[in-house]
Amino acid sequence: MKSGSSRCSIHIGAALWMTLWLLAVSVSFDAWPAFSDLKTHKIHKRANAPIDLMFVIDNSGSMKKNDPEFNTPKVVESFVRRLPPNSQVGMILFDASIHLLEPLHDLATDQARQQFIDSLKTIDYRGRYTDSAAGIERALYELKSNGRQAARRGIIFITDGIMDTGNAKRDGELTQWLKQDLTAECKDQQVRIFGIAFTEAADFILIQSLAARTDGEYYRTYEASGILAVLEDILLKLNPPPAPSKVIEASPETHEPQNAIPLPSEPPQVVSAPYSTPEEPRPQNKSGVELLFVVLAVVVTVLAAILVFFYLKQMAAAKKQGHLPEIANVLPDAHLEALNPKDGQTAEKIKLDKHRMAIGRDQRNDIVIERSTISSFHATIEHKNMVFFIEDQRSTNGTKLNDQKLQPNMPLRLKNGDVIRFSTCAFKFVVPDQIAFGETIMVAMTPLEDPQSGATVVIDLNEEGSEQHLIDCIMTHLMQLSALGSKYQYFSNTYVTRDVLELIATKAHANLEKSEASGDMHCDHLIRNKAFFVVCSLPVGIDEAAKWYENRYGGFTKFIMRWAQTPSFTQAHCDLLCFLTFGQNPATWVSMTIVPTSQEDDPVEIMSVEFLTEEEKSMLALDFDNLGQVR
């Protein structure tokens, strides 16, 4: 008890000292004129940061059906005419190939602006395919080559369809490259992608992913005339108006326009605030109060540093004495099941009870396979970082994982249900507490959106028609799933019929009200059409969901297993177990997880990606293949 109270005192003391230090520093900075002027200048400069934009516009034939009047180029023209002169813009058209219509250049002159506008006449919607990955890659290259470091940079991606180069395999590879590599590079280059989808046929999941991974945004508009409002919103997000600040109000030299960014009819004139002006010399320190605050800040800083030093020293000592145990690399229950035990394997089930298991013909191995085709030291299975790995140790006849031959000394992750072959001896890798996610699709949640503005909304549960809003949210989510392929369309049409939708919405509404009142999760279930639906309301925001499931159940997959083992489910003999989870933060949203329970050749399997911790993803060995599915 003594050591615990001592550590508590140190925590409280450190917090008090740090509070005093921050207070003293902030007050002294505000009191010291030079620092005050410097802050004013930086805030003002940020509010008028230049913008570099690349338009990436779909020129495929399908666009003509959705924009027969060619309103898109007209809207882009109107938008470009309103941009401030310190902006840079460029444009790429894409169909089967890409066309750099306008390299990134400034709009400082009327001639430069008109040059960009004239190039919009090239848009004819006559392309055959949609190689959007190539278009975005070229736009990123243009921003890297000709963009300005000080500028806010963005790509405006306008499309009505999906990735389609005429080659399904290549489409999958390009989609994966776009979602992983290109978005990572955009993030590194501080380039934000803003996706505008024209139709329900557009790949919303891809557009959402591009926006989410680059801190951008995605929009839906079903007519070209609505693009202008979207473009204005994008500009606001790239360069938001400055928040009210006491420093700005106190500075007579700063002339910040109240609405500098929302596309004024004429470009605003930027007036930079100087550090000081000759007409108003810097006020002198008459009372010495400012100097007193600076001295106070220095003294508190020194005391805080001393306190932190002793705090860290005590923490290190506590850890050494065992008060702060390190997180152990816990070995989960796992084993190998011999698929042909008569061929020389030692047992039908072999428990993996060590973090590193050696496999081979030699008796010194942990798993001995007495067969001539097995090398003396054939392979290893190792558990590290919460994951099992299989590694071939340069064996003569090789090791295969699901019929894929392993490269020597190149470990691959294992997941529940994998088949391992040491030469011709086959084993199945089993982790009993792990659900076997095979061809699982990872799907993000769907927020409820206003049909007019496209903005996300939070419904008022007491409002009439709120259940219908929940139905709308579910239907939007199902439309996104249906766009993934025919089997997902079959799932939506067969299992989630209109009467089921209404029942789910009723239960979701009731559970959300309970969560709002209690601050806890509430779940209910229903059985319809050979499907077992679990309808839950989550009391936390979507960004906190994974941590919440981890703290409450040990992870979302453990939560699924609990329901899968209930008598209600086991006695129902349903074809699938479907979780629909609802929340109200940051908007009203729904997320769906589907676990098949019948033996189908190609079942629908969907996982709510936001609910998984990084450890769960590793444990499930969620490696994406070139189609965006989990390997």
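Going by the structure above, here's the rest.
The paragraphs below set out a description of the structure included in this document. (Residues numbered from 1 in each chain as written. Predicted model: local features only at pLDDT ≥ 70, side-chain atom pairs only at ≥ 80, totals over all residues. Heavy atoms only, no water.)

**Quick look at the overall build of the chain**
Within the chain, the regular secondary structure consists of 18 helices and 24 strands. Within the chain, the fraction of its 631 residues that count as buried is 46%. In the form shown here, the chain has an accessible surface area of approximately 31800 Å², with 53% of it arising from carbon and sulfur atoms. (Helix = DSSP H or I, 4+ residues; strand = E, 2+ residues; numbered from the N terminus. Buried < 20%, exposed > 50% of the residue type's maximum accessible area, 1.4 Å probe, protein only. Areas by Shrake-Rupley, 256 points an atom, 1.4 Å probe, with all protein chains shown as cover.)

**Some words on helix H9 (residues 227-238)**
For H9, with 12 residues, the first-to-last C-alpha span of 16 Å sits near the 16 Å given by 1.5 Å per residue. All buried positions along H9 are accounted for by Ile 227, Leu 228, Val 230, Leu 231, Ile 234, Leu 235 and Leu 238. What you see down the axis of H9 is that its buried residues fit within an arc of 160°, all on one side. Its buried side turned inward, H9 meets strand S1 (51-58), helix H4 (71-82), strand S4 (152-159), strand S5 (191-197) and strand S6 (217-220). (Expected span 1.5 Å × (residues − 1). Arc of directions from axis to C-beta. Contact = heavy atoms within 4.5 Å.)

**With respect to the side chain of Glu 102**
Positionally, Glu 102 belongs in strand S3 (residues 98-106). Although Glu 102 is buried, it forms no salt bridge, and the closest oppositely charged side chain is Lys 121 at an N-O distance of 12 Å. Here His 105 takes part through its side chain, which lies 2.8 Å from a polar atom of the side chain of Glu 102. Polar contacts involving the side chain of Glu 102 include one to the side chain of Gln 115, which spans 3.1 Å. Ignoring any residue separated from it by four or fewer positions in sequence, one finds Glu 102 in contact with Met 54, Gly 90, Met 91, Gln 115, Phe 116 and Ser 119. (Lys, Arg positive; Asp, Glu negative; His and termini not counted. Salt bridge = Lys/Arg side-chain N within 4 Å of Asp/Glu carboxyl O. Polar contact = N/O pair within 3.5 Å; in protein donor to acceptor, adjacent residues only side chain to side chain.)

**A look at the packing of aromatic side chains**
Per the stated rule, a full pass over the model turns up 21 aromatic pairs. On the basis of an interplanar angle of 50° and a centroid distance of 6.2 Å, the ring pair of Phe 55 and Phe 116 is categorised as tilted. Taken as a pair, Phe 55 in strand S1 and Phe 116 in helix H5 (residues 110-119) lie far apart in primary sequence, 61 residues in all. Across the pair, exposure class does not vary: Phe 55 and Phe 116 are buried alike. With 4.9 Å between their ring centres and 65° between their planes, Tyr 549 and Phe 556 make a pair best called edge-to-face. Feature note: the residues Trp 548, Tyr 549, Tyr 553, Phe 556, Phe 559, Phe 579, Trp 589 and Phe 611 constitute an aromatic cluster, connected by ring pairs. (Phe/Tyr/Trp six-rings, centres within 6.5 Å; stacked < 30°, edge-to-face > 60°.)

**A word on the sheet that holds strand S14 (residues 404-405)**
With antiparallel pairing, six strands are arranged side by side in an open sheet as S8-S7-S17-S16-S13-S14. Each having just a single partner strand, strand S8 (349-351) and S14 make up the two edges of the open sheet. Alignment of strand S7 (residues 335-338) against S8, held across three bridges, turns out to be antiparallel. Note that in S8 the partner of His 335 across the bridge is Lys 351. (Pairing = 2+ DSSP bridges.)

**Quick notes on the sheet that holds strand S2 (residues 88-94)**
With respect to topology, six strands assemble into an open sheet ordered S3-S2-S1-S4-S5-S6, the strand pairing being mixed. Strand pairing shows two members of the sheet lacking a second neighbour, S3 and S6, which therefore form its edges. Pairs of neighbouring strands in the sheet enclose a mean axial angle of 15°, with direction left out of account. Two elements, S4 and S5, share seven bridges in a ladder whose sense is parallel. Across the sheet, Phe 157 pairs through a bridge with Gly 195, a residue of S5. Its contacts with the sheet put H4 on S1 and S4, and the angle it makes with S1 is roughly 175°. (Axes fitted to C-alpha atoms, helices over the stretch in contact; angles between N-to-C directions.)

**A closer look at the pattern of salt bridges**
Within this structure, the stated rule accounts for 16 salt bridges. Note that Arg 148 is salt-bridged to Asp 52, the shortest N-O span being 2.6 Å. You can see Arg 148 sitting in the loop between helix H6 (132-146) and S4 and its partner Asp 52 sitting in strand S1, a full 96 residues away along the chain. Its relative accessible area of 26% is what places Arg 148 among the partly exposed residues. Between Arg 498 and Glu 502 there is a salt bridge, with its nearest N and O atoms 3.4 Å apart. With a gap of four residues between them, Arg 498 and Glu 502 both fall in helix H14 (residues 498-518), about one helical turn apart.

**Focus: the pairing of strand S9 (residues 356-360)**
Taken across its five residues, S9 has four buried, putting it largely inside the fold. Bridge count between S9 and strand S11 (residues 379-384): four bridges; the pairing is antiparallel. The partner of Arg 356 across the bridge, within S11, is Glu 382. Judged from the two bridges that link them, S9 and strand S10 (residues 367-368) form a sheet pairing that is parallel. The residue bridging Ile 359 from the neighbouring strand is Ile 367, located in S10.

**Here's the deal with the packing of helix H12 (residues 466-482) against helix H13 (residues 486-495)**
Contact pair H12 / H13: the axes reach a minimum separation of 7 Å and the direction vectors enclose 150°. As judged from the angle between their axes, H12 and H13 are roughly antiparallel. On H13, the residues touching Leu 478, Leu 481 and Ser 482 of H12 are Tyr 488, Gln 489, Phe 491 and Ser 492. In the contact of H12 with H13, the residues fall into four nonpolar, three polar and no charged. (Parallel < 35°, antiparallel > 145°, perpendicular 65-115°, else oblique. Nonpolar A, V, L, I, M, F, W, Y, C, P; charged D, E, K, R; others polar.)

**Structural notes on the side chain of Thr 581**
Mapped onto the elements, Thr 581 comes out in strand S22 (residues 576-583). A residue is classified by how much of its surface remains accessible, and Thr 581, at 1% relative accessible area, is buried.

**Details of the environment of Gly 195**
For Gly 195, the location among the structural elements is in strand S5. When the C-alpha atoms of Gly 195 and Ile 234 are compared, they prove to be 9.9 Å apart, with 39 residues separating the residues in sequence. Look past the residues within four positions of Gly 195 in its chain and what remains in contact with it is Phe 157, Ile 207, Glu 217, Tyr 218 and Tyr 219.

**What to know about the packing of H4 against H9**
Viewed as axis vectors pointing N to C, H4 and H9 meet at an angle of 35°, and their least axial separation amounts to 9 Å. Between H4 and H9 lies a crossing whose hand is right-handed. Listed contacts from H9 to Thr 72, Val 75, Ser 78, Phe 79 and Arg 82 of H4 are Ile 227, Leu 228, Leu 231, Glu 232 and Leu 235. Partitioning the contact of H4 with H9 into residue classes produces six nonpolar, two polar and two charged. (Left-handed = near helix turned anticlockwise from the far one by under 90°.)

**Description of a negative patch on the surface**
On the surface, Asp 460, Glu 463, Glu 464, Glu 467, Glu 513 and Glu 516 cluster together into a negatively charged patch. Within the element layout of this structure, Glu 467 appears in helix H12. (Patch = residues over 30% accessible without salt bridge, like charges linked within 9 Å, V, L, I, M, F, W, Y side chains within 5 Å. Charge placed at Lys NZ, Arg CZ, Asp CG, Glu CD.)

**With respect to H5**
Considered for burial, the residues of H5 that qualify are Ala 112, Arg 113, Phe 116, Ile 117 and Ser 119. Along the axis of H5, the buried positions cluster into a sector of 165°, meaning they face one direction only. Residues of H5 that are exposed and point more than 90 degrees away from the buried face comprise Asp 110 and Gln 111. Buried residues belonging to H5 abut S1, H4, S2 and S3.

**Considerations on the pairing of S7**
Looking at chain direction, S7 and strand S17 (residues 425-430) are connected through four bridges and run antiparallel. If you follow Glu 337 over to S17, its bridge partner there is Lys 428.

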